[in-house]
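A closer look at the structure
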Amino acid sequence: MSYPIVREPRWPAFVAMLAAAGVYLALPEPLSLGPSWLLLVIIVLLLIPILMTDRYGHYKATRILTITANGIITIAMIASLILLVRGIPEHLETPKALLRSAGALWITNILVFALWYWKLDAGGPLKRDHPNGISGSSFLFPQMLSRKEHDSSWKPNFVDYLFLAFNTSTAFSPTDTAVLSRLAKLGTMVQSLISLMIVALLAARAVNIL
(Lines give C-alpha, C1' and ligand atoms only; values in the text may rest on other atoms or scores of the structure.)
Protein backbone atom coordinates (compact mmCIF):
# COMPACT_ATOMS: atom_id res chain seq x y z
CA MET A 1 0.00 0.00 0.00
CA SER A 2 1.49 3.35 -1.05
CA TYR A 3 1.15 6.50 0.97
CA PRO A 4 0.96 10.01 -0.53
CA ILE A 5 4.02 12.15 0.00
CA VAL A 6 3.28 14.78 2.63
CA ARG A 7 5.76 17.62 2.35
CA GLU A 8 7.01 19.04 5.62
CA PRO A 9 6.51 22.80 5.95
CA ARG A 10 9.82 24.60 5.58
CA TRP A 11 8.83 27.91 7.16
CA PRO A 12 9.70 26.95 10.80
CA ALA A 13 13.31 26.35 9.77
CA PHE A 14 13.45 29.60 7.81
CA VAL A 15 12.02 31.50 10.79
CA ALA A 16 14.62 29.85 13.05
CA MET A 17 17.36 30.97 10.66
CA LEU A 18 16.13 34.55 10.86
CA ALA A 19 15.83 34.28 14.65
CA ALA A 20 19.40 33.01 15.00
CA ALA A 21 20.69 35.93 12.96
CA GLY A 22 18.40 38.34 14.84
CA VAL A 23 19.58 37.19 18.26
CA TYR A 24 23.09 38.06 17.11
CA LEU A 25 22.01 41.73 17.30
CA ALA A 26 22.11 41.44 21.11
CA LEU A 27 25.89 41.08 21.03
CA PRO A 28 28.09 44.12 21.67
CA GLU A 29 30.11 45.24 18.65
CA PRO A 30 33.45 43.95 20.07
CA LEU A 31 32.02 40.41 20.18
CA SER A 32 30.66 40.32 16.64
CA LEU A 33 32.37 39.90 13.29
CA GLY A 34 31.82 43.33 11.86
CA PRO A 35 28.63 45.25 12.68
CA SER A 36 26.16 43.14 14.64
CA TRP A 37 23.44 43.84 12.04
CA LEU A 38 25.55 42.47 9.18
CA LEU A 39 24.71 38.82 9.85
CA LEU A 40 20.97 39.49 9.74
CA VAL A 41 21.33 41.37 6.45
CA ILE A 42 23.31 38.49 4.91
CA ILE A 43 20.75 35.89 6.01
CA VAL A 44 17.83 37.98 4.74
CA LEU A 45 19.57 38.33 1.37
CA LEU A 46 20.21 34.57 1.24
CA LEU A 47 16.64 33.74 2.25
CA ILE A 48 15.29 35.43 -0.87
CA PRO A 49 16.85 32.91 -3.30
CA ILE A 50 16.24 30.11 -0.77
CA LEU A 51 12.50 30.81 -0.80
CA MET A 52 12.42 31.24 -4.58
CA THR A 53 14.30 28.03 -5.36
CA ASP A 54 12.20 26.08 -2.86
CA ARG A 55 8.99 27.46 -4.32
CA TYR A 56 9.93 26.49 -7.88
CA GLY A 57 11.32 23.08 -7.03
CA HIS A 58 15.06 23.74 -7.43
CA TYR A 59 15.78 21.75 -4.29
CA LYS A 60 19.52 21.19 -4.87
CA ALA A 61 20.06 24.95 -5.02
CA THR A 62 17.87 25.36 -1.93
CA ARG A 63 19.95 22.82 -0.05
CA ILE A 64 23.25 24.49 -0.99
CA LEU A 65 21.98 27.96 -0.07
CA THR A 66 20.49 26.74 3.22
CA ILE A 67 23.71 24.99 4.24
CA THR A 68 25.68 28.11 3.27
CA ALA A 69 23.44 30.36 5.37
CA ASN A 70 23.63 28.06 8.39
CA GLY A 71 27.38 27.74 7.95
CA ILE A 72 27.73 31.54 8.06
CA ILE A 73 25.67 31.71 11.26
CA THR A 74 27.76 28.91 12.80
CA ILE A 75 31.05 30.64 11.97
CA ALA A 76 29.77 33.92 13.42
CA MET A 77 28.63 32.18 16.61
CA ILE A 78 31.94 30.37 17.16
CA ALA A 79 33.94 33.52 16.44
CA SER A 80 31.87 35.49 18.96
CA LEU A 81 32.32 32.75 21.55
CA ILE A 82 36.08 32.91 21.08
CA LEU A 83 36.03 36.69 21.46
CA LEU A 84 33.90 36.32 24.60
CA VAL A 85 36.36 33.83 26.13
CA ARG A 86 39.32 36.06 25.33
CA GLY A 87 37.64 39.11 26.81
CA ILE A 88 36.55 37.67 30.18
CA PRO A 89 40.00 37.66 31.90
CA GLU A 90 40.43 41.29 30.89
CA HIS A 91 36.93 42.23 32.14
CA LEU A 92 36.16 43.96 28.85
CA GLU A 93 32.42 43.46 29.26
CA THR A 94 30.16 44.64 32.07
CA PRO A 95 28.22 41.92 33.93
CA LYS A 96 25.01 43.01 32.18
CA ALA A 97 26.61 42.91 28.74
CA LEU A 98 28.22 39.56 29.53
CA LEU A 99 24.88 38.06 30.56
CA ARG A 100 23.20 39.39 27.41
CA SER A 101 26.01 38.11 25.20
CA ALA A 102 26.08 34.66 26.78
CA GLY A 103 22.30 34.36 26.54
CA ALA A 104 22.36 35.34 22.87
CA LEU A 105 25.07 32.81 22.08
CA TRP A 106 23.27 30.08 24.03
CA ILE A 107 20.05 30.63 22.09
CA THR A 108 21.95 30.82 18.82
CA ASN A 109 23.66 27.54 19.66
CA ILE A 110 20.27 25.83 20.00
CA LEU A 111 18.88 27.25 16.76
CA VAL A 112 22.03 26.56 14.75
CA PHE A 113 22.29 22.91 15.73
CA ALA A 114 18.54 22.38 15.33
CA LEU A 115 18.98 23.61 11.76
CA TRP A 116 21.96 21.32 11.18
CA TYR A 117 20.12 18.27 12.53
CA TRP A 118 17.02 19.12 10.50
CA LYS A 119 18.94 19.72 7.27
CA LEU A 120 21.34 16.78 7.41
CA ASP A 121 19.49 13.96 9.16
CA ALA A 122 18.59 11.11 6.78
CA GLY A 123 19.59 13.22 3.79
CA GLY A 124 17.46 16.22 4.68
CA PRO A 125 13.73 17.01 4.75
CA LEU A 126 13.23 16.28 1.06
CA LYS A 127 14.33 12.66 1.46
CA ARG A 128 12.50 12.26 4.77
CA ASP A 129 9.28 13.25 3.01
CA HIS A 130 9.30 9.98 1.06
CA PRO A 131 7.97 6.67 2.45
CA ASN A 132 10.60 4.98 4.65
CA GLY A 133 12.63 8.17 4.38
CA ILE A 134 13.58 8.05 8.03
CA SER A 135 15.01 4.53 7.82
CA GLY A 136 18.49 6.05 7.61
CA SER A 137 17.96 8.57 10.38
CA SER A 138 20.85 9.36 12.71
CA PHE A 139 18.41 9.84 15.58
CA LEU A 140 16.00 7.34 17.11
CA PHE A 141 12.97 9.31 18.26
CA PRO A 142 10.53 7.61 20.67
CA GLN A 143 7.76 7.76 18.04
CA MET A 144 9.83 5.49 15.80
CA LEU A 145 9.63 2.73 18.40
CA SER A 146 5.93 3.04 19.10
CA ARG A 147 4.61 3.64 15.59
CA LYS A 148 1.34 1.86 14.93
CA GLU A 149 -0.23 1.07 11.61
CA HIS A 150 -2.45 4.14 11.64
CA ASP A 151 0.56 6.35 12.46
CA SER A 152 3.16 4.67 10.28
CA SER A 153 3.71 7.87 8.30
CA TRP A 154 5.19 9.72 11.28
CA LYS A 155 8.46 11.51 10.61
CA PRO A 156 10.38 14.15 12.56
CA ASN A 157 10.00 17.78 11.55
CA PHE A 158 11.85 20.90 12.59
CA VAL A 159 10.17 21.14 16.01
CA ASP A 160 11.46 17.65 16.88
CA TYR A 161 15.01 18.67 16.02
CA LEU A 162 14.58 21.95 17.91
CA PHE A 163 13.48 19.96 20.98
CA LEU A 164 16.52 17.69 20.55
CA ALA A 165 18.87 20.68 20.30
CA PHE A 166 17.27 22.37 23.32
CA ASN A 167 17.71 19.26 25.46
CA THR A 168 21.31 18.88 24.32
CA SER A 169 22.10 22.45 25.36
CA THR A 170 20.31 22.27 28.72
CA ALA A 171 20.98 18.71 29.89
CA PHE A 172 24.19 18.24 27.85
CA SER A 173 22.59 15.09 26.41
CA PRO A 174 19.82 14.26 23.93
CA THR A 175 17.60 12.81 26.75
CA ASP A 176 14.76 10.81 25.15
CA THR A 177 16.29 10.57 21.66
CA ALA A 178 19.08 8.11 20.93
CA VAL A 179 21.95 9.28 18.73
CA LEU A 180 22.92 6.55 16.28
CA SER A 181 25.50 7.73 13.75
CA ARG A 182 29.04 8.78 14.60
CA LEU A 183 28.66 12.10 12.81
CA ALA A 184 25.53 12.93 14.80
CA LYS A 185 27.32 11.97 18.01
CA LEU A 186 30.13 14.38 17.15
CA GLY A 187 27.55 17.08 16.44
CA THR A 188 25.80 16.66 19.79
CA MET A 189 29.18 16.60 21.54
CA VAL A 190 30.18 19.91 19.94
CA GLN A 191 26.83 21.48 20.82
CA SER A 192 27.08 20.29 24.44
CA LEU A 193 30.65 21.59 24.67
CA ILE A 194 29.64 25.04 23.41
CA SER A 195 26.73 25.19 25.83
CA LEU A 196 28.92 24.03 28.72
CA MET A 197 31.53 26.67 27.90
CA ILE A 198 28.90 29.42 27.92
CA VAL A 199 27.45 28.27 31.26
CA ALA A 200 30.92 27.80 32.79
CA LEU A 201 32.02 31.25 31.66
CA LEU A 202 28.95 32.83 33.21
CA ALA A 203 29.53 30.96 36.48
CA ALA A 204 33.20 31.90 36.60
CA ARG A 205 32.43 35.56 35.93
CA ALA A 206 29.67 35.55 38.56
CA VAL A 207 32.03 34.13 41.17
CA ASN A 208 34.63 36.72 40.23
CA ILE A 209 32.10 39.50 40.65
CA LEU A 210 31.03 38.19 44.08
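Residues numbered from 1 in each chain as written. Predicted model: local features only at pLDDT ≥ 70, side-chain atom pairs only at ≥ 80, totals over all residues. Heavy atoms only, no water.

**Concerning helix 1 (residues 11-23)**
- The end-to-end C-alpha distance of helix 1 is 18 Å, a good match for the 18 Å that 13 residues give at a rise of 1.5 Å each.
- Looking at the buried side of helix 1, the elements it contacts are helix 2 (38-55), helix 3 (59-87), helix 4 (95-120) and helix 7 (158-171). (Helix = DSSP H or I, 4+ residues; strand = E, 2+ residues; numbered from the N terminus. Expected span 1.5 Å × (residues − 1). Contact = heavy atoms within 4.5 Å.)

**Brief notes about the nonpolar core**
- Core analysis: the largest hydrophobic core is formed by 48 residues, its most contacted members being I43 and F139.
- When contributions to this core are tallied by element, the ones reaching two or more residues are helix 1, helix 2, helix 3, helix 4, helix 7 and helix 8 (182-209). (Core = buried A, V, L, I, M, F, W, Y, C linked by side-chain atoms within 4.5 Å. Buried < 20%, exposed > 50% of the residue type's maximum accessible area, 1.4 Å probe, protein only.)

**Notes on the packing of aromatic side chains**
- Enumeration according to the criterion identifies 8 aromatic pairs in this entry.
- The interplanar angle of 55° and the centroid separation of 6.4 Å between the aromatic rings of F139 and F141 together place this pair among those described as tilted. Like F141, F139 is buried.
- Ring pairing ties together the aromatic residues F113, Y117, F139, F141, W154 and Y161, which thus form one cluster. (Phe/Tyr/Trp six-rings, centres within 6.5 Å; stacked < 30°, edge-to-face > 60°.)

**With respect to the pattern of salt bridges**
- Following the criterion strictly, the structure yields 3 salt bridges and no others.
- Here R7 makes a salt bridge to D54, at a shortest N to O gap of 2.5 Å. Of this pair, R7 sits in the segment before helix 1 while D54 sits in helix 2, and the two are 47 residues apart along the sequence.
- Residue class for D54 comes out buried when judged on its relative accessible area of 13%.
- Between R10 and D129 there is a salt bridge whose closest N-O contact spans 3.2 Å. With R10 in the segment before helix 1 and D129 in the loop between helix 5 (125-128) and strand 1 (139-140), this residue pair connects regions lying 119 residues apart in the sequence.
- R10 gets classed as buried once you look at its relative accessible area, which sits at 7%.
- On the basis of relative accessibility, which here comes to 6%, the residue D129 falls in the buried class. (Salt bridge = Lys/Arg side-chain N within 4 Å of Asp/Glu carboxyl O.)

**Points about the confidence of the model for the protein**
- Per-residue pLDDT for the protein averages 86, and the proportion of residues at 70 or more is 89%.
- Predicted confidence in the protein is weakest over helix 8, with a mean pLDDT of 83, and strongest over helix 2, with 95. (pLDDT = per-residue confidence, 0-100.)

**With respect to the packing of helix 4 against helix 7**
- Between helix 4 and helix 7, the shortest axis-to-axis distance is 8 Å and the interhelical angle comes to 135°. It follows that helix 4 is oblique to helix 7 by the angle criterion. Relative to helix 7, helix 4 is oriented so that their crossing is right-handed. Judged by residue contacts, W106, N109, I110, L111, F113, A114, L115, Y117 and W118 of helix 4 engage F158, Y161, L162, L164, A165, F166, S169 and T170 from helix 7.
- Taken together, the residues of the contact of helix 4 with helix 7 break down into 14 nonpolar, 3 polar and no charged. (Axes fitted to C-alpha atoms, helices over the stretch in contact; angles between N-to-C directions. Parallel < 35°, antiparallel > 145°, perpendicular 65-115°, else oblique. Left-handed = near helix turned anticlockwise from the far one by under 90°. Nonpolar A, V, L, I, M, F, W, Y, C, P; charged D, E, K, R; others polar.)

**Topic: the packing of helix 3 against helix 4**
- Direction vectors running N to C along helix 3 and helix 4 enclose 150°, while the axes themselves pass 10 Å from each other. On the basis of the axis angle, helix 3 is roughly antiparallel to helix 4. Taken as a pair, helix 3 and helix 4 cross one another with a handedness that is left-handed. Across the interface between the two elements, R63, T66, I67, N70, G71, I73, T74, M77, S80, L81 and L84 from helix 3 touch L98, S101, L105, T108, N109, V112, F113, L115, W116, K119 and L120 from helix 4.
- Here the residues of the contact of helix 3 with helix 4 are counted per class, giving 12 nonpolar, 8 polar and 2 charged.

**Describing the environment of P174**
- Topologically, P174 is positioned in the loop between helix 7 and strand 2 (178-179).
- Taking the C-alpha atoms as reference points, P174 and S192, 18 residues apart in sequence, are found 9.4 Å from one another.
- Residues within four places of P174 in sequence aside, it is in contact with L164, N167, T168 and V179.

**What to know about the side chain of T177**
- Tracing the chain through its elements places T177 in the loop between helix 7 and strand 2.
- Only 3.1 Å separates the side chain of T177 from the side chain of D176, close enough to count as a polar contact.
- Each residue touching T177, except ones within four places of it in the same chain, is listed here: F139, L140, F141, P142 and L164. (Polar contact = N/O pair within 3.5 Å; in protein donor to acceptor, adjacent residues only side chain to side chain.)

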